[in-house]
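Here's the letter readout for the chains.
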Amino acid sequence: MELSLSSRAPHRTPTPTFATARLVLRELSLSDAPAYERHFVDYEVIRNLSSAVPWPYPEGGVLEYIRDNVVPNQGLDRWVWAIALKESPSELIGAVDLWRKGRPEHRGFWLGRSFWGRGYMTEAVEPVMDYAFGPLGFEKLVLTNAVGNSRSGRVKEKTGARLIGRRSTSFVDPALTESEDWEITKEEWGAFKGKTGR
């Protein structure tokens, strides 16, 4: 029996595991829910995120989010990595999310507060950018952060993105009302890596 195009299972592109100098990035799974909840459900982490993220965060919300939003879409124009330290690869400390359809941004991330200020996120996003511009065929990434979230802005600066503007946006913290929009093209990423020797 011949299958029609509409009855075929959608093609999934794998979410590969990456190892950096200090980190392991691996596909986010349901088993990560307890560590995700431990590090994510913290107002200082969540306040800079889109107002689509609920606060107070509901009990059991992390498991529901991974089960209902991440797992079914993993590899279908969305890829979510758990970030872990190499010495504790099973303990998630943050996450990087990449999606093909811009809203307008194509990437998001968060890191547990006790791990801030050590350069982990810059280290984590570099292989994700390589994957986006390489095997996934992205031509451009649009990246955003709340105005005033200087740590997130620095990650963009340290990975070669250009600030292209500001716009009104709502965040979990109602005092935050604008986002910065950044952009980097495939060519700019290649040139940045060549210049920095990365």
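This is a predicted model, so every value here is computed, not measured.

Asker: With reference to specific residues and values, describe a nonpolar patch on the surface.
Answerer: Taken together, the side chains of Leu30, Leu63 and Val71 present a nonpolar region at the surface, about 230 Å² in accessible area. Its place among the elements puts Leu63 in helix α3 (residues 61-70).

Asker: Mind laying out the nonpolar core, listing which residues take part and the relevant values?
Answerer: Grouped together as the largest cluster of nonpolar side chains are 32 residues, with contacts concentrated most on Leu25, Val96, Leu98, Met121 and Leu141. For this core, the secondary-structure elements that each account for two or more residues are β2 (23-27), β3 (78-85), β4 (92-99), β5 (107-111), α4 (120-133), β6 (140-146), β8 (178-185) and α6 (186-196). Sort the elements by how many residues they give to this core and α4 lands first, with 9 residues. Not counting the four nearest positions on each side in its chain, Leu25 is found in contact with Pro16, Thr17, Phe18, Trp81, Ala82, Ile83, Val96, Ala124 and Val128. In terms of nonpolar packing, the next biggest core, distinct from the first, is built from 18 residues, Leu28, Val62, Ile66 and Val80 among them.

Asker: Account for the environment of Pro127, naming residues and giving values.
Answerer: Inspection of the secondary structure puts Pro127 in helix α4. Taking the C-alpha atoms as reference points, Pro127 and Thr20, separated by 107 residues in sequence, lie 8.1 Å from one another. Aside from chain neighbours lying at most four places away, what touches Pro127 is Phe18 and Thr20.

Asker: Provide a residue-level description of the sheet that holds β8, including the pertinent values.
Answerer: Sheet architecture is open: 3 strands sit in the order β6-β8-β7, paired in antiparallel fashion. Taken across any chain shown, the strands that pair with only one partner, and hence form the sheet edges, are β6 and β7 (162-168). Sheet twist, expressed as the average angle between the axes of neighbouring strands with direction ignored, equals 25 degrees. Taken together, the 6 bridges between β7 and β8 define a ladder with antiparallel strand orientation. From the neighbouring strand, Gly165 faces β8, where its bridge partner is Asp181. Each of β6 and β8 touches helix α5 (residues 150-158); the most contacted strand, β6, lies at about 155 degrees to it. In the packing of α6 onto the sheet, the strands contacted are β7 and β8, and the crossing angle to β8 comes to about 75 degrees.

Asker: Which residues make up α3, and what values do they have?
Answerer: Taken as a whole, α3 has its buried residues at Gly61, Val62, Ile66 and Val70. One side of α3 holds all its buried residues, which, seen down the axis, span an arc of 135 degrees. Looking at the buried side of α3, the elements it contacts are α1 (33-40) and β3.

Asker: Break down the side chain of Thr159 for me, with residues and values.
Answerer: Tracing the backbone shows Thr159 in the loop between α5 and β7. Under the relative-accessibility criterion, Thr159 is labelled buried at 0%. Within the local environment of Thr159, its side chain forms a polar contact with the backbone oxygen of Val155, the two atoms lying 2.8 Å apart. Ignoring sequence-local partners within four residues, the contact set of Thr159 consists of Thr122, Val125, Glu126, Met129, Ile184, Trp189, Phe192 and Arg198.

Asker: Describe the sheet that holds β2, and please don't skip the residues or the numbers.
Answerer: Spatially, β1-β2-β3-β4-β5 is the arrangement adopted by the 5 strands of the open sheet, whose pairing is antiparallel. Both edges of this open sheet fall to β1 (18-19) and β5, since each of them pairs with a single strand only. Bridge analysis of β4 against β5 gives 5 bridges, and the strand direction is antiparallel. For Asp97, the partnering residue across the bridge sits in β5 and is Gly108.

What counts and what doesn't
- Residues numbered from 1 in each chain as written.
- Predicted model: local features only at pLDDT ≥ 70, side-chain atom pairs only at ≥ 80, totals over all residues.
- Heavy atoms only, no water.
- Patch = residues over 30% accessible without salt bridge, like charges linked within 9 Å, V, L, I, M, F, W, Y side chains within 5 Å.
- Areas by Shrake-Rupley, 256 points an atom, 1.4 Å probe, with all protein chains shown as cover.
- Salt bridge = Lys/Arg side-chain N within 4 Å of Asp/Glu carboxyl O.
- Helix = DSSP H or I, 4+ residues; strand = E, 2+ residues; numbered from the N terminus.
- Core = buried A, V, L, I, M, F, W, Y, C linked by side-chain atoms within 4.5 Å.
- Buried < 20%, exposed > 50% of the residue type's maximum accessible area, 1.4 Å probe, protein only.
- Contact = heavy atoms within 4.5 Å.
- Pairing = 2+ DSSP bridges.
- Axes fitted to C-alpha atoms, helices over the stretch in contact; angles between N-to-C directions.
- Arc of directions from axis to C-beta.
- Polar contact = N/O pair within 3.5 Å; in protein donor to acceptor, adjacent residues only side chain to side chain.

Everything listed here is a matter of coordinates, which is why it stays silent on function.
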